[in-house]
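Here's the letter readout for the chains.
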Amino acid sequence: MDIVIIGAGVAGLAAARELASHGESSVLVEARDRIGGRIHTVHDAAAPLPIELGAEFIDVPGPASDALHRAGGVVYRSTDGMWEVERGRARMLDVNETAERVLGRLDPPPATDQSFRAWLAEQRGVGERDAEWLLRYVEGFHAAELDRVGVHWLSHTIRDSAGGGGEQRHHAMHGFDRTPAGLRMQIGPSHDIRLDTVALEIVWRRGAVEVRCRSRAGAPLDSIHARRAIITLPLGVLQAGSVRFVPAVDALTGAVSAIARASVIKIVFRFRDPIWNEVLSFEGDDSRERKFLMSGEPFPTWWTTAPVITPMITAWAGGDAAHRARRIGDPIDVALDSLAAMLAVPRRELDARLEATWFHDWDADPFAGCSYSYAPAGAMHALRQLRRPIEDTLFLAGEAAADDGWNGTVDGAIRSGERAARQVLEHAGAARPA
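This section reports on the structure supplied with the text. Per chain, residue numbering runs from 1 following the sequence as it is written. In keeping with the predicted nature of the model, local features appear solely for residues at pLDDT of at least 70, side-chain atom pairs appear and are counted solely at 80 or more, and the whole-chain, interface and lining totals rest on all residues. Side-chain metrics in this entry use all non-hydrogen atoms of the structure; hydrogen atoms and water are not considered.

1. A word on the overall build of the protein
Looking only at helices and strands, one finds 15 helices and 23 strands in the protein. The globule rule puts the C-alpha radius of gyration for 434 residues at 22 Å, and the 22 Å found for the protein is close to it. Positive and negative side-chain charges of the protein, numbering 49 and 59 respectively, have mean locations separated by a distance of 3 Å. Strands here mean DSSP runs of E at least two residues long; helices mean DSSP runs of H or I at least four residues long; both are numbered from the N terminus. As defined in this context, the radius of gyration uses C-alpha atoms, and a globule is described by 2.2 Å times the residue total to the power 0.38. We score Asp and Glu as negative and Lys and Arg as positive, and we do not count His or the chain ends. For charged residues, the charge sits on one atom: NZ in Lys, CZ in Arg, CG in Asp, CD in Glu.

2. Considering the environment of Pro-274
Tracing the sequence through the fold places Pro-274 in the loop between β16 (264-271) and α10 (275-279). Note: C-alpha distance between Pro-274 and Pro-311 (37 residues apart in sequence) is 4.2 Å. Ignoring sequence-local partners within four residues, the contact set of Pro-274 consists of Thr-310 and Pro-311. Two residues form a contact once any of their heavy atoms are found within 4.5 Å.

3. Side note on the pairing of strand β20 (residues 312-318)
Along β20, seven of the seven residues are buried, which leaves the element largely enclosed by surrounding structure. Every second residue of β20 is oriented toward a common face, with Met-312, Thr-314, Trp-316 and Gly-318 on one face and Ile-313, Ala-315 and Ala-317 on the other, all of them buried. As paired elements, β16 and β20 share seven bridges and run antiparallel to each other. In the strand pairing of β20, Arg-270 is matched with Met-312. A pair of strands counts as paired when DSSP detects no fewer than two bridges linking them. Of the strand pairs in this sheet, strand β19 (residues 301-304) and β20 are connected by four bridges, and their pairing is antiparallel. Across the sheet, the residue bridging to Thr-301 is Trp-316, located in β20. When a residue's accessible area, from a 1.4 Å probe over protein chains only, is under 20% of the maximum for its type it is buried; when over 50% it is exposed; and in between it is partly exposed.

4. Observations regarding the sheet that holds strand β9 (residues 191-194)
A sheet is described by the order of its strands in space; here five strands give the open sequence β9-β2-β1-β13-β23, paired in parallel fashion. With partners counted over all chains shown, the strands left at the sheet margins are β9 and β23 (394-396), one partner each. Neighbour to neighbour, the strand axes of the sheet diverge by 20° on average, direction disregarded. Two elements, strand β1 (residues 3-6) and strand β2 (residues 26-29), share three bridges in a ladder whose sense is parallel. Paired with Ile-5 across the two strands is Leu-28, which belongs to β2. Inter-axis angles, ranging from 0 to 180 degrees, are taken between N-to-C directions of lines fitted to C-alpha atoms, where helices are fitted over the stretch in contact.

5. Digging into the packing of aromatic side chains
Within 6.5 Å between ring centres, the rings of Phe, Tyr and Trp (the latter by its six-membered ring) count as paired, and their orientation is classed by plane angle as stacked under 30 degrees, edge-to-face over 60, tilted in between. Under the counting rule described, the total for this entry stands at eleven aromatic pairs. Taken together, a centroid distance of 6.3 Å and an interplanar angle of 45° make the contact between Trp-153 and Tyr-374 tilted. Residue Trp-153 is located in helix α6 (residues 151-160), and its partner Tyr-374 is located in strand β22 (residues 372-374); the two are separated by 221 residues in the primary sequence. In this structure, Trp-153 and Tyr-374 share a single accessibility class: buried.

6. What about the pairing of β2?
Residues Ser-26 and Leu-28 point to one face of β2 and Val-27 and Val-29 to the other, with burial holding for every one of them. By the criterion used throughout, a crossover qualifies as right-handed when its path from the first strand across the helix to the second strand runs clockwise, the strands pointing away from the viewer. Crossover handedness for the path β1 to helix α1 (residues 10-21) to β2: right-handed.

7. Comments concerning the packing of α1 against helix α7 (residues 178-185)
Interaxial distance between α1 and α7 falls to 9 Å at its minimum, and their mutual angle equals 20°. In this view, α1 runs roughly parallel relative to α7, as classed from their interaxial angle. With respect to the hand of their crossing, α1 and α7 are arranged in left-handed fashion. Of the residues in α7, those in contact with Val-10, Leu-13, Ala-14 and Arg-17 of α1 are Thr-179, Pro-180 and Leu-183. Should an angle fall under 35 degrees it is called roughly parallel, over 145 degrees roughly antiparallel, and 65 to 115 degrees roughly perpendicular, with every other angle called oblique. The crossing is said to be left-handed when, going from far helix to near helix, the turn is anticlockwise and less than a right angle, and right-handed when the turn is clockwise.

Shown next as structure tokens:
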């Protein structure tokens, strides 16, 4: 083959689509039994909406929503609807003005790259309460450790407003898996997608790559030979070294080790009825969406399916909050205890109304190793390094190799795959005789 692509998440699929549009063929190697990577949609006939165990909020417009629409998907919008909840009382929460006022100071980036917590402590005119909510926002939205995440990287994320944040957010009505399906539709028959194929080693030299593989069941498979490789392995897999590079690539190893893995615990619950609408006392403008329920509990962030009213709710803990929740105990129990305290109802009442639970541990997933990535202070050079071709032969893509500020987003992963494919085409063209 001319090109082998390792990983059939959206980055790999987007790379294959870009290559196909220029008449190039490739083979995609995917360890899972499905495409999509960390987009993981569960369709359950008993659930009123699809269950998103991975990526959920979708940027509109953007390449992810474009692909979703191509596969017949539609989105619905939620607006504002953020509430601070404490023991059964919900108070309207408006952090947008504070976020714009304070985080706006990061554009342009400050002269010194430092952790967000250290930077925020130096800011004047930020009250204790505002500072607390800003810390929660950065920790939750980016799943970042506040003593590590760098303000230079945050400056880029704020400027680009990527990842489904902001006052308006969008959900995929029929499931986010329509996005990889839409990308797959545009690839065509010239690209071979091999599922259940686990890459073990990438043996390479300039102009030649051999990918040694096994099946998920452990059986050896024939090696795949190509002139170039686009590698879309998640950061957690690269850091674990579960796929060996022979010979090792020192520049790649250094860059990968400098970037941070974002840890998330996300759990979806379905109850007999939307108990939060029944027991919470919503103060203020009751016409506002009951979307985000925020608290100081171990699981600090919850969201409903509003404006669609269903008995489904999602628990979220990211970054340091995820680490703390894991130390307390089983994540599902910790989440339900958090919800009971937030709603001021006995845990046994929640248990009596609970009908289904869905949870996928991305940190423990051998083909992911993390939920997504972010750049610690001083690590912006590592992101740039990941985007540089290695000996015109190895090309990196995936959310960790996305343009500055687009890490951790589906759109960023898609764009990184397109960028890597264009790099392959440029280098292939330069290598061909006139």
